[in-house]
Amino acid sequence: METLVAISDGLWNPMAYFALAVGLFFTVITNAAQFRLLPDTVRQIFKPKAEDGGISPLQALLLTISSRVGVGNIAGVGTAVAAGGPGALLWMVVCALLGSASAFAESTLAQVFKRKINGEHRGGMPFYVRYGLRIKWLAALLAVMTMVGYGFVFPGVQSNNIASSLEHAFNIPTWITAVGVSVLLGFVVIGGTKRVVGAAQFMVPIMAVGYILTAIIVVLFNIDQLLPALGLIVSSAFGMNEVFGGIAGAAVAWGVRRAVFSNVAGVGEGTYGSAAASVSHPAKQGLVQSFSIFIDTVVVCFATGIMIVMTGSYNVFADNGDAIVSNVPGMEAGSAYTQEAVNAVLPGFGPGFVAIALFFFAFTTLVAFFYIAHTNLVFLAGRELGPALSWTLKLGMIGITFYGAVESASVMWTIGDIGYASLGWVNMACILMLSPMVRKVIKDYDRQRKMGLDPVFDPRPLGITGADFWMPATHTAAAATQTHRSAGDDSSAGVENGSRR
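Residues numbered from 1 in each chain as written. Predicted model: local features only at pLDDT ≥ 70, side-chain atom pairs only at ≥ 80, totals over all residues. Heavy atoms only, no water.

1. Details of the packing of aromatic side chains
The geometry of two aromatic rings is summed up by the distance between their centres and the angle between their planes. Applied cut-off: Geometry of aromatic contacts follows a simple scheme: Phe, Tyr and Trp rings, the Trp one being its six-membered ring, pair when their centres are within 6.5 Å, and the pair is stacked under 30 degrees between planes, edge-to-face over 60, tilted otherwise. Exposure classes here rest on a 1.4 Å probe applied to the protein chains alone. A residue is buried below 20% of its type maximum, exposed above 50%, and partly exposed in between. Put simply, a charge is over a ring when the Lys NZ or the Arg CZ is close to the ring centre, within 6 Å, and near the line of the ring normal, within 35 degrees.
Following the criterion strictly, the structure yields 18 aromatic pairs and no others. Ring geometry for F349 and F353: centres 5.1 Å apart, planes at 15°, overall stacked. Accessibility expressed as a relative area gives 37% for F349, which makes it partly exposed. Considering the side-chain rings of F359 and F360, the 5.4 Å spacing of their centres and the 70° angle between planes classify their relative orientation as edge-to-face. Owing to a relative accessible area of 17%, F360 belongs among the buried residues under this scheme. Lying across the ring of Y131, R115 places its NZ or CZ 3.7 Å from the centre. The ring of F261 carries R258 above its face, with NZ or CZ at 5.6 Å from the centroid.

Structural data, given as structure tokens:
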């Protein structure tokens, strides 16, 4: 475990500042598009989709938000406070505001270099590395990392938090949850049963709205603690608090770490849903996806954090494990902090409600993870998967889901952190190398808007090559043929449409 922690810290401690720097860089080169174009972003969200096989911007936004809102927002916030103190919450917000520019960049690139396969829009990290950077080996490496992460690592974090929250709320042994979640996931990925996913999808927005309303109730019942809590968060973030002054660096590192885990800005998870959207200009979907970061972290994560801090439902530990604050002795960091915060105002309701909400959020995320892993494996195989590869992925994902539920939270969070940090380093480096194209796309979008036009993308005048999807129809047919040869026929459309939230 010490080795895993050392690896995780070695990746994350410098990456916390790197992620902030990357977000600041894209904020500058886009002239703060995530802020100045916010009114236009809201208009884009509600535009209908084109009749060309894609999904609407609103559908893509909901798909991505549903993938992002979940374990990171409920349990991840608790772990950030435990390791970085209340000040970590401020750095989560800062990371989100800057990271929304990184999300704009990667989502715009996903649109620019997407392909049309089997009548549907497909794209993501390996696509813009393969067709934008034109570095085949790096695209393959990124696809391997993504496939392994989303197929054989990250599902364990989701199931672990489902199991721990149900155990805290209902005293259900973790092994029972492990069996139940694994069987449900098996019905979906092996049996193709869409009813389970459909029911979960139906419940996700209901639980999300209920969660926000619950947070508002907790804040209102403790309104006298709001200003002191905000003051504590700010003072802790900058090392000015007498109790938390010694862990200001940890506040930055853990605030960014959990923000990135929650909203995955710069990690590339949202690029797959972004590429599926049907828009007339890539910047439109980039703006929509940058808005999803705001919703995920500035709204939902901070709502969780302020509940925890206002009710004092947290412990804080130094790097050596010594307790700095012990408000809830013996309670493991994670979803239990959130459950305790709600329970402080709504006795008997908090643990169960949070556990049920987290179950729906995390389970639909598991199915989304399968789609991402499958897409990357198809990209690597160059064709639709045969029985051997398909069963390896399915059984491997079910296996890590079971294992994650019965393993300790600290182990699963650490392994997940290593995976996300590894992806983040590679993907952020790639979008930095493609930043000239991001700059060209946003300038083209701004130019057309100033002319009073509804922006339409044409890569040729911008000198962007490899964006075959956006070429005239005579070129698109050839591009589709090439894509089938290089990426394979992806028949997981049913999984995407039935599972991505």
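Text resumes after the structure shown.
2. Looking at the environment of D468
Which entries qualify depends on this criterion: Strands here mean DSSP runs of E at least two residues long; helices mean DSSP runs of H or I at least four residues long; both are numbered from the N terminus. Any pair of N or O atoms that falls within 3.5 Å is considered a polar contact. Within protein, one atom must be able to donate a hydrogen and the other to accept it, and sequence-neighbouring residues count only if both atoms are side-chain atoms.
When you line up the elements, D468 lands in the loop between α20 (435–450) and α21 (473–487). For D468 and F113, which are 355 residues apart along the polypeptide, the C-alpha to C-alpha distance reads 7.2 Å. One polar contact links D468 to R115, side chain to side chain, over a distance of 3.5 Å.

3. Here's the deal with the packing of helix α12 (residues 226–237) against helix α15 (residues 282–311)
Selection rule: Lines are fitted to the C-alpha atoms to define the axes, a helix being fitted only along its stretch in contact, and any angle between axes, read from their N-to-C directions, falls within 0 to 180 degrees. By the definition adopted for this analysis, an angle is roughly parallel if under 35 degrees, roughly antiparallel if over 145, roughly perpendicular if from 65 to 115, and oblique otherwise. Any two residues having at least one pair of non-hydrogen atoms within 4.5 Å are treated as being in contact. When residue character is reported, Ala, Val, Leu, Ile, Met, Phe, Trp, Tyr, Cys and Pro are called nonpolar, Asp, Glu, Lys and Arg charged, and the others, Gly included, polar.
Interaxial distance between α12 and α15 falls to 9 Å at its minimum, and their mutual angle equals 105°. One element, α12, and the other, α15, form an angle in the roughly perpendicular class. Residues L226, A229, L230, L232 and I233 of α12 pack against F302, I306, V309 and M310 of α15. Of the residues belonging to the contact of α12 with α15, the class tally is 9 nonpolar, no polar and no charged.

4. Details of the pairing of strand β4 (residues 323–326)
Basically, it comes down to this: When DSSP finds at least two bridges between two strands, those strands are taken to pair.
Across 3 bridges, the pairing between strand β3 (residues 315–317) and β4 is antiparallel. Bridge assignment links F317 to a residue of β4, and that residue is A323. Linking β3 back to β4 in an antiparallel pair, the connection comprises 5 residues, with G321 at a positive phi of about 95°.

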